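So you can see what is in the structure, the chains are spelled out below.
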Amino acid sequence: ETGVTQTPRHLVMGMTNKKSLKCEQHLGHNAMYWYKQSAKKPLELMFVYSLEERVENNSVPSRFSPECPNSSHLFLHLHTLQPEDSALYLCASSQDRGTDTQYFGPGTRLTVL
Amino acid sequence: GENVEQHPSTLSVQEGDSAVIKCTYSDSASNYFPWYKQELGKRPQLIIDIRSNVGEKKDQRIAVTLNKTAKHFSLHITETQPEDSAVYFCAASIMYDMRFGAGTRLTVKP
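Residues numbered from 1 in each chain as written. Chains lettered and ligands numbered in written order. Predicted model: local features only at pLDDT ≥ 70, side-chain atom pairs only at ≥ 80, totals over all residues. Heavy atoms only, no water.

**With respect to the overall build of chain B**
Phase 1: The helix and strand inventory of chain B stands at zero helices and eleven strands.
Phase 2: Going from N to C terminus, chain B has its helices and strands arranged as β-β-β-β-β-β-β-β-β-β-β.
Phase 3: By its C-alpha atoms, chain B is 40 × 25 × 20 Å across when sized along the principal axes.
Phase 4: Per-residue burial for chain B yields a buried fraction of 45% across its 110 residues.
Phase 5: Of all intrachain contacts in chain B linking residues separated by at least 6 positions in sequence, the fraction that spans at least 24 positions is 52%.
Phase 6: Split by element, the accessible area of chain B, about 5,400 Å² in all, is 47% carbon and sulfur.
Phase 7: Side chains of chain B carry 13 positive and 13 negative charges; the gap between the two charge centres is 3 Å. (Helix = DSSP H or I, 4+ residues; strand = E, 2+ residues; numbered from the N terminus. Buried < 20%, exposed > 50% of the residue type's maximum accessible area, 1.4 Å probe, protein only. Contact = heavy atoms within 4.5 Å. Areas by Shrake-Rupley, 256 points an atom, 1.4 Å probe, with all protein chains shown as cover. Lys, Arg positive; Asp, Glu negative; His and termini not counted. Charge placed at Lys NZ, Arg CZ, Asp CG, Glu CD.)

**Quick word on the sheet that holds strand 6 (residues 56-59) of chain B**
Residue and element names in this part refer to chain B.
Phase 1: Pairing is antiparallel in the open sheet, where five strands are placed in the order 1-3-8-7-6. Strands at the two margins of the open sheet, each flanked by one partner only, are strand 1 (4-7) and strand 6. Sheet twist, expressed as the average angle between the axes of neighbouring strands with direction ignored, equals 15°.
Phase 2: Strand direction decides the pairing type here: strand 3 (residues 19-25) and strand 8 (residues 72-77), joined by six bridges, are antiparallel. Its bridge partner being in strand 8, Val 20 is matched across the sheet by His 76. (Pairing = 2+ DSSP bridges. Axes fitted to C-alpha atoms, helices over the stretch in contact; angles between N-to-C directions.)

**Side note on the side chain of B:Gln6**
All names here are of chain B.
Phase 1: Within the element layout of this structure, Gln 6 appears in strand 1.
Phase 2: For Gln 6, a relative accessible area of 7% translates into the label buried.
Phase 3: At a separation of 3.3 Å, a polar atom in the side chain of Gln 6 contacts the main-chain amide nitrogen of Cys 90.
Phase 4: Only 3.1 Å separates the side chain of Gln 6 from the backbone nitrogen of Gly 103, close enough to count as a polar contact.
Phase 5: Dropping the residues within four chain positions of it, Gln 6 is found in contact with Ile 21, Lys 22, Cys 23, Trp 35, Tyr 88, Phe 89, Cys 90, Gly 101, Ala 102, Gly 103 and Thr 104. (Polar contact = N/O pair within 3.5 Å; in protein donor to acceptor, adjacent residues only side chain to side chain.)

**Overview of the sheet that holds strand 8 (residues 73-79) of chain A**
Residue and element names in this part refer to chain A.
Phase 1: Strand order in this open sheet of four strands is 1-3-8-7, and the pairing throughout is antiparallel. Whereas interior strands pair on both sides, the edge strands pair on one side only; in this sheet they are strand 1 (4-7) and strand 7 (64-70). Geometrically, the sheet is characterised by an average inter-axis angle of 20° between neighbouring strands, direction not taken into account.
Phase 2: Pairing geometry for strand 1 and strand 3 (residues 18-25), over four bridges, is antiparallel. Bridging from a neighbouring strand, Gln 6 pairs with Cys 23 of strand 3.

Here it is in structure tokens:
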């Protein structure tokens, strides 16, 4: 399971901290995604990048800031988060941004104190 | 936007029995319907998918059916085994916008 990797796997941060989540895909895909997975809620699409260009921002608060420097790497920069932001953050990639199979990374379990 | 409803939220079956999970979607333009399995502490993994030009697809013990008119699709698992225990998510996709159901926790009792 090395197609899509994420670091760190676990992160605990205070509300005033700044941290970043990293995702890397080794599949040669052109599209990458950030999802939030909270308990008892559907997976929520946060951001979509296609060929390094952001194509979707599903009304995500500005305390989450994505960055896609190239088609293999995706970051999620976090600052001044709230306790309700605690969740599993999943990265995924697909060949193109159309209706292609998405492959998920293992996720980063984020806890905001 | 698309809205996906998934039922039931929990399902418990005896080993060897069949399990059926149902999803409905709201946007008739949705044209791709994957199903993901997520074991505890692991990433979601695609187990089967279907596109809107197909009514049924089967892969060994797993099958998916799609009714475009009624806008619902279902996952069927036959001869369930304890290792099938996991959370299953359906999804409906238009272009890159994939919306997921809330998930079904399946427990297969030996």
